[in-house]
Amino acid sequence: MMKSTKQFLLIFSFILLSLHIQAQTKEEPWTESQLMPTSELAALIKNPDAAKPLIINIGPQAVIKGSVDVGPGKEKDNIKKLEKMLSKEKKDREVILYCGCCPFDKCPNIRPAFSLIKEKGFAKAKLLNVPKNIKTNWIDAGYPVN
């Protein structure tokens, strides 16, 4: 009986550990290749010959030059606004979303918006890689603002 109790406790411990690890591993709606460096977007904006992507702010304020403001992606009305905007675009258009309110792991806006853009089938969807916030990673870097 002692052997079966030890086996049970070992299996039970393994299951708890697996669940804990799984809970910590949050799968994001974007891939690493869908993250666009801020320097790359700034270069596109500054280049008069470059095809301009649709740049959409899904955070509190449109800061990036040429970006369109949808508003915080955590709000259902703003996701509907984003959906309406995307319905007028071709699926092969490069679309770049950004928020910049805070680091990705804390941001309430990027996941609902990026999930929608994926769901709608935009092949060239990107998320601007803003590791800290829009002030630090865009404004302080001297990149183009509205």
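First, a word on scope: everything that follows refers to the structure included in this document. (Residues numbered from 1 in each chain as written. Predicted model: local features only at pLDDT ≥ 70, side-chain atom pairs only at ≥ 80, totals over all residues. Heavy atoms only, no water.)

1. A word on the packing of aromatic side chains
A complete count under the given rule lists 3 aromatic pairs for this structure. Members of the aromatic cluster, joined through ring pairs, are W30, F104 and F114. (Phe/Tyr/Trp six-rings, centres within 6.5 Å; stacked < 30°, edge-to-face > 60°.)

2. Focus on the packing of helix α3 (residues 76-87) against helix α4 (residues 110-119)
Packed helix pairs are specified by the crossing angle of their axes together with the interaxial distance, meaning the distance between the axes. The geometry of α3 relative to α4 is characterised by a closest axis approach of 10 Å and an angle of 30° between their N-to-C directions. Judged by the inter-axis angle, α3 sits roughly parallel to α4. Crossing handedness for the pair α3 and α4: right-handed. Here I79, L82, E83 and L86 of α3 lie close against α4, whose contacting residues are P112, A113, L116 and I117. (Axes fitted to C-alpha atoms, helices over the stretch in contact; angles between N-to-C directions. Helix = DSSP H or I, 4+ residues; strand = E, 2+ residues; numbered from the N terminus. Parallel < 35°, antiparallel > 145°, perpendicular 65-115°, else oblique. Left-handed = near helix turned anticlockwise from the far one by under 90°. Contact = heavy atoms within 4.5 Å.)

3. Re the sheet that holds strand β2 (residues 54-57)
Judged by pairing direction, the sheet is parallel, and its 5 strands sit side by side in the order β1-β5-β4-β2-β3 without closing on themselves. Two strands lie at the open edges of the sheet, namely β1 (35-37) and β3 (68-69), each paired on one side alone. Relative to β3, β2 runs parallel, the two being bridged by 2 bridges. Opposite N57, over in β3, you have D69 as the bridge partner. Relative to β2, α3 is tilted by about 170°, and along the sheet it contacts β2, β3 and β4 (95-98). Across the sheet, α4 lies against β4 and β5 (125-129), angled at about 155° from β5, the strand it touches most. (Pairing = 2+ DSSP bridges.)

4. Observations regarding helix α2 (residues 38-46)
Taken as a whole, α2 has its buried residues at T38, L41, A42, L44 and I45. All buried residues of α2 lie within an arc of 160° about the axis, which places them on one face of the element. (Buried < 20%, exposed > 50% of the residue type's maximum accessible area, 1.4 Å probe, protein only. Arc of directions from axis to C-beta.)

5. Details of the pattern of salt bridges
Applying the stated criterion to the full structure yields 4 salt bridges. Linking R111 and E28 is a salt bridge whose minimum nitrogen-to-oxygen distance equals 2.7 Å. Within this pair, whereas R111 is found in helix α4, its partner E28 is found in the loop between α1 (2-24) and β1, the two being separated by 83 residues in sequence. Since its relative accessible area comes to 17%, R111 is described here as buried. Two residues, E83 and K120, come together in a salt bridge whose shortest N-O distance is 2.8 Å. Pair noted here: E83 is in helix α3 and K120 is in the loop between α4 and β5, with a separation of 37 residues, a long-range link. (Salt bridge = Lys/Arg side-chain N within 4 Å of Asp/Glu carboxyl O.)

6. Comments concerning the side chain of N137
Looking at the secondary structure, you find N137 in helix α5 (residues 134-139). From its side chain, N137 meets the backbone nitrogen of K132 in a polar contact 2.8 Å long. Sequence-distant contacts of N137, defined by excluding residues within four places in its chain, comprise T38, V130, P131, K132 and Y143. (Polar contact = N/O pair within 3.5 Å; in protein donor to acceptor, adjacent residues only side chain to side chain.)

7. Focus: the environment of E32
With respect to the helices, strands and loops of the structure, E32 is situated in the loop between α1 and β1. Distance from E32 to K126, taken between C-alpha atoms, is 9.8 Å for residues 94 residues apart in sequence.

8. Examining the pairing of β2
Burial along β2 is two-sided: L54 and I56 and I55 and N57, pointing in opposite directions, are all buried. With 4 bridges connecting them, β2 and β4 associate as parallel partners. If you follow I55 over to β4, its bridge partner there is I96.

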